Amino acid sequence: MLLLSGCGADPRQVLESMAHAYRTAEHYCDDARVVVRHTRAGSTTESTQPFRIAFSRPDRLRVEAYDARVVGDGAALFAAVGGVPGQVLVEPLRSPLDMDQLFADDVVRGTLTEGEAGCPPQLPLLLADDTLDVILADAEADPQIVGTEVVDGRRCHRMAVAKAEGLLELWIDCESALVRRMRVPTAAYADEASREAGAPVGISVDVEFVSAAFAPAAAEAFAFEVPPRAAQVSRLEPLERPRPPHPLLGKPATLPALAPADGISPEAAVTAGGPMVLEFFFDGCSPATKTMPEVAAGIAAFTRDGRGQPATSPPRHFAVSLDPAELTTAEIRKRLAEFGGVGTLVRDTDAAAARALGLESFPAIVIIAGDGTVADVIVGERPQIAADVAETLAALGRGDSTMGLVQSRHRRRLDEYRRRLAVAASGNDDRGVPKPSIAPQRQPDRFKLRPAWRAAVTMPGNLVCLDATRGSAEVRIVVLDGWRTVVELDADGVELGRHELDLPPDAAVTFLRSAGAADGRRWWLGGSRGGRQVFFLDDAFRIRAAYPADASATASILTAELADLDGDGTPEAVVGFTAPRGVEVVSLDGTLRWSDVRADATGDLAAAGPGGGVLFVTTTGRLGHASPTGATSGQPAATDRTFAAILAGPVAGDGGWAIAGLTTRDPDGQALVGLDPRSLDVLSDLPIAGGSTITGPLEPLAWADLLGTSRRQWLVAAADGSVTVAWADGRIVDRYCHGRPLAGIGGYRRGDRGHLVLATASGIEALAIDDVALD
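The sections below set out a description of the structure shown in this document. Just so it is clear, the structure is predicted and the values come from calculations on it, not from any experiment. (Residues numbered from 1 in each chain as written. Predicted model: local features only at pLDDT ≥ 70, side-chain atom pairs only at ≥ 80, totals over all residues. Heavy atoms only, no water.)

## Considering the overall build of the chain
Counting its regular elements, the chain contains 12 helices and 46 strands. Counting the 775 residues in the chain, one finds 57% classified as buried. Put simply, of all contacts in the chain between residues at least 6 apart along the chain, 57% involve residues at least 24 apart. Split by element, the accessible area of the chain, about 30600 Å² in all, is 51% carbon and sulfur. (Helix = DSSP H or I, 4+ residues; strand = E, 2+ residues; numbered from the N terminus. Buried < 20%, exposed > 50% of the residue type's maximum accessible area, 1.4 Å probe, protein only. Contact = heavy atoms within 4.5 Å. Areas by Shrake-Rupley, 256 points an atom, 1.4 Å probe, with all protein chains shown as cover.)

Okay, structure coming up:
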């Protein structure tokens, strides 16, 4: 047994003994948890997340932390993450297991390291040799022993390490050198939250290493049973629809004057002739670390022959910084080098060139032909960038038009996307795709958004906002926290309740629906895309029924809705399945009312208002309609369009119902299409900026009363982190870029002020609407 000295012990020696004990331990297990407490206006909310580790050297590991589950069984490494349902990462395990292999997947690494407490410290302590150096690398002073305290009946040294972001504290067992408790630095986070809230906010993040021991775990801890319908993949990624060809393709590129940092400007290069490559980026544009080396590789492939020898002159290559003038050129040049960029640096401080080229998401690559026309536009991160750049440059070198090339490339990828979407819906997805690019944060023009409150929800997802427009006397924001927890917040972001759903072991909830009944009770419906059942919940979030009763049914659920279809005062569930089940309408007790197999695989659906029946969208983008009793009512007029999502709500003037669909169209991207509630004719067609239609857990369409007018507004989330606000008649109100990926959207009105509610990886935040200046 390792014995540490008492209060007079040397702090460095205590830390070194701790690191040595973990690194040489043959076994380790705990039942650890992260406890996050937020205090505001005298009220404290608390949330808890798992942080459990089991380990047997050299290659058996189990991690349950935040929304991730990782298992190494000695032969293979398995990982499942809540944000990517229906997929399990499976890779051969190289023994001995190390941190590089554990964090090789981007999603696993992000999930395990970006939570409130950061990476579970047990992992580097057990698997890495430099953990102590990492702990002390950014310390502002030598570590200190500030006392001896008892934790879980064990006498511990209380260690303190001062860091720029606050004080890191560790309670280290005096006998075993096990870490019994850790308090994460939160001073900087609390200061930021206080500034956003306009009032003091206290935040503490503690890790309680319950039952920690250098002892073997049960053998079953290292077993991972892949669900029979889960996709086994080598990379965890949600699906993203391919971006259509850019609308400026083949048109003249009009470039404003840019500030050359390295002696030459792009507009001069256009005049000189020859192809040109522009890479747009900014300081915080992390995907550029992957896209910039790809662009360089594509240019290199174009300029060399099959033997690697120079074959043609390289194109002019510019790295266009969108950073404001306050950031120095030296700082930008340093960041460009860190990104792996090799282009000539120029500055577009007011984004004039980006706007002229119709760019709103970054990183973005624009290839301009020798005649000054746009030859190709590539937005975001994806694996084929190097090949696409080389292919487009080669076409220009041959004197070919790139219009057909780019359109053909898009059609191939769209077909592949649809194939993979159908495979994912059936639970057999076979590989991953790139992440969307994120636009820099930008305020709307016709109104301003100011931070109203921020709530600590560890793994936020889709949300429902209840206010007077939805028949609720009090404002309630109901948000998913991970797969199995529902959190209720009030209009100030104060937590009203946290409900652990009593779901079957393999079930998850990634969407919620709500509807009131004539007797005053409110009902909820929860389910997940790719799941086997939906769950009927009362207003206390107790499960009252499940449908189908048999969770082993062959068809998967893709979507669901809760609405009073027949006008009897009691809502019914409308459930969309994969083929061959289509759409099924179910009573609150789980009894089937009617079904419509014409719907085939149903990707989305909506109740079309009182007496309006059901609208459904198949996974191939076809729009269909059924009456409240299930009778066919003919093909809607909009069936020549490819739909991705559909929503109905009392958005028109004086609470009249309206219908909106999110469609895709080539080459213009996606659009918000308004449909007549009676005839289903197309009434409006509004192009939506911000990237491809979202197909992950985020539901892209919502409605809310943000502006206090007789007409409510549609909210459309895009893959680049933006939200478009639009009227029911198809006119745009404005667009807000949040600067971060979105996990859920909604809105509510309290008194005379509207609030936009957004869920991101860091929590839930509400933005109050000020200075409204409508036409």
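## Focus on the packing of aromatic side chains
Across all of its chains, the model carries 7 aromatic pairs by this definition. Considering the side-chain rings of tyrosine 22 and tyrosine 28, the 5.6 Å spacing of their centres and the 45° angle between planes classify their relative orientation as tilted. Like tyrosine 28, tyrosine 22 is buried. Grouping aromatic residues by their ring pairs yields a cluster made of Tyr22, Tyr28 and Phe214. The residue whose ring lies beneath arginine 711 is tryptophan 727, and the NZ or CZ to ring-centre distance is 3.9 Å. (Phe/Tyr/Trp six-rings, centres within 6.5 Å; stacked < 30°, edge-to-face > 60°. Lys NZ or Arg CZ within 6 Å of the ring centre and 35° of its normal.)

## Observations regarding the environment of isoleucine 688
Turning to its location among the elements, isoleucine 688 is positioned in strand E39 (residues 682-688). Once you skip the residues sitting within four places of it in the chain, isoleucine 688 turns out to touch Leu662, Gln670, Ala671, Leu672, Val716 and Thr724.

## Digging into the sheet that holds strand E26 (residues 522-527)
Pairing in this open sheet of 4 strands is antiparallel, and the strands run E25-E26-E27-E28 from one edge to the other. Every other strand in the sheet has two partners, leaving strand E25 (511-516) and strand E28 (543-547) as the edge strands with one partner each. Going from strand to strand, the sheet's axes swing by 20° on average, the running direction of each strand aside. Relative to strand E27 (residues 534-537), E26 is paired through 3 bridges, and the arrangement is antiparallel. In the strand pairing of E27, glycine 526 is matched with phenylalanine 535. (Pairing = 2+ DSSP bridges. Axes fitted to C-alpha atoms, helices over the stretch in contact; angles between N-to-C directions.)

## Here we look at the side chain of glutamate 279
Among the structural elements, glutamate 279 can be located in strand E15 (residues 276-281). Accessibility expressed as a relative area gives 3% for glutamate 279, which makes it buried. At 2.6 Å, the side chain of glutamate 279 forms a polar contact with the side chain of histidine 317. Apart from residues lying up to four places away in sequence, glutamate 279 is in contact with Thr291, Met292, Val295, His317, Phe318, Ala319, Val320, Ala364 and Ile365. (Polar contact = N/O pair within 3.5 Å; in protein donor to acceptor, adjacent residues only side chain to side chain.)

## A few points about the pattern of salt bridges
Once the charged atoms of two side chains with opposite charge are near each other, the side chains can pair. Taken as a whole, this structure holds 48 salt bridges when the rule is applied. Across the salt bridge formed by arginine 735 and glutamate 360, the nearest N and O atoms sit 3.2 Å from each other. One end of the pair, arginine 735, is in strand E43 (residues 732-737); the other, glutamate 360, is in the loop between helix H10 (352-356) and strand E18 (364-368), and 375 residues separate them in sequence. Residue class for glutamate 360 comes out partly exposed when judged on its relative accessible area of 30%. One connected set of salt bridges, linked through shared partners, spans Arg37, Glu149, Arg158, Glu169, Arg183 and Asp206. (Salt bridge = Lys/Arg side-chain N within 4 Å of Asp/Glu carboxyl O.)

## Topic: helix H9 (residues 329-339)
Within the sequence span of H9, burial applies to Ile332, Leu336 and Phe339. Axial view of H9: buried residues confined to an arc of 60°, hence all on one face. Residues of H9 that are exposed and point more than 90 degrees away from the buried face comprise Ala330, Lys334 and Ala337. Positive phi appears at glycine 340, one or two residues downstream of H9, with a value of about 85°. (Arc of directions from axis to C-beta.)

## Brief notes about helix H11 (residues 385-397)
For H11, spanning 13 residues, the distance from its first C-alpha to its last is 18 Å, which sits close to the expected 18 Å at 1.5 Å a residue. Just past H11, the residue glycine 399 takes up positive phi, approximately 85°. (Expected span 1.5 Å × (residues − 1).)

## Some remarks on the sheet that holds strand E24 (residues 495-500)
Strand order in the open sheet formed by 4 strands is E21-E22-E23-E24, with antiparallel pairing between adjacent strands. Of all strands in the sheet, those with a lone pairing partner are strand E21 (460-466) and E24, marking the two edges. Put simply, the sheet's adjacent strands are angled 20° from each other on average, direction ignored.

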